[in-house]
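So the chains spell out like this:
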Amino acid sequence: MKNFWINKIIKKSDGIIIKIQVKIWEKKMNDRFSLRGNNAGMGVIEVILIILVLVGLAFTFKGKVSSILNTVFSKINSKVNSF
């Protein structure tokens, strides 16, 4: 009879522990995917400035990139033609 009550108490405590673990997991998931945290984000002006800088860099190095690509493709063509 004593073992019956001990097993019943253990099963009940296991159920409580599992419920607590589930609640903790749910809270972690809600905190991870919620927008309640720091949601300052980036403004439109910052995004526009980043795009402008990237476009400026692209125009600045356009000549170098095209010359490098031309060199690489000419080497590829010469190797293919010699094959």
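Just above sits the structure.
Note that the structure is a prediction, hence the values are computed from the model and not measured.

Chemist: Looking at this structure, how should I read the overall build of the protein chain?
Modeler: In terms of helices and strands, the protein chain carries 3 helices and 0 strands. Start at the N end of the protein chain and walk to the C end: the helices and strands fall as α-α-α. Here the protein chain holds 83 residues, and the buried ones make up 0% of them.

Chemist: It is not clear to me how a nonpolar patch on the surface should be interpreted in this structure. Could you clarify?
Modeler: Together, Ile50, Val53, Leu54, Leu57, Phe61, Val65, Ile68, Leu69, Val72, Phe73, Ile76 and Val80 give the surface a local cluster of nonpolar side chains, amounting to about 1100 Å² of exposed area. Of all elements in the fold, only α2 (44-60) and α3 (62-82) reach the threshold of two or more residues within the nonpolar patch. Considering each element in turn, the nonpolar patch owes the most residues, 7 residues, to α3. Looking at the element boundaries, Leu69 is found in helix α3. Assessed through its relative accessible area of 42%, Leu69 is described here as partly exposed.

Quick notes on the rules
- Counting restarts for each chain, with residues numbered from 1 along the sequence as it is written.
- For this predicted model, a pLDDT threshold of at least 70 governs which residues receive local features, and a threshold of 80 or more governs which side-chain atom pairs are given and counted, while totals over whole chains, interfaces and linings are taken from all residues.
- For the side-chain quantities, the full set of heavy atoms in the structure was used; hydrogens and water were omitted.
- Secondary structure elements follow DSSP: runs of H or I no shorter than four residues count as helices, runs of E no shorter than two count as strands, and numbering proceeds from the N terminus.
- Accessibility here uses a 1.4 Å probe with only protein chains present; expressed as a share of the type maximum, an area under 20% marks a residue as buried, one over 50% as exposed, and anything in between as partly exposed.
- Here a patch means residues that are over 30% exposed by relative accessible area and free of salt bridges, tied together within 9 Å if like-charged and within 5 Å if nonpolar (Val, Leu, Ile, Met, Phe, Trp, Tyr).
- Residue-level accessible areas treat just the shown protein chains as cover; the underlying method is Shrake-Rupley with a 1.4 Å probe.
- The rule for a salt bridge is simple: a side-chain nitrogen of Lys or Arg has to be within 4 Å of a carboxyl oxygen of Asp or Glu.

Function cannot be read off these values alone, since they describe shape.
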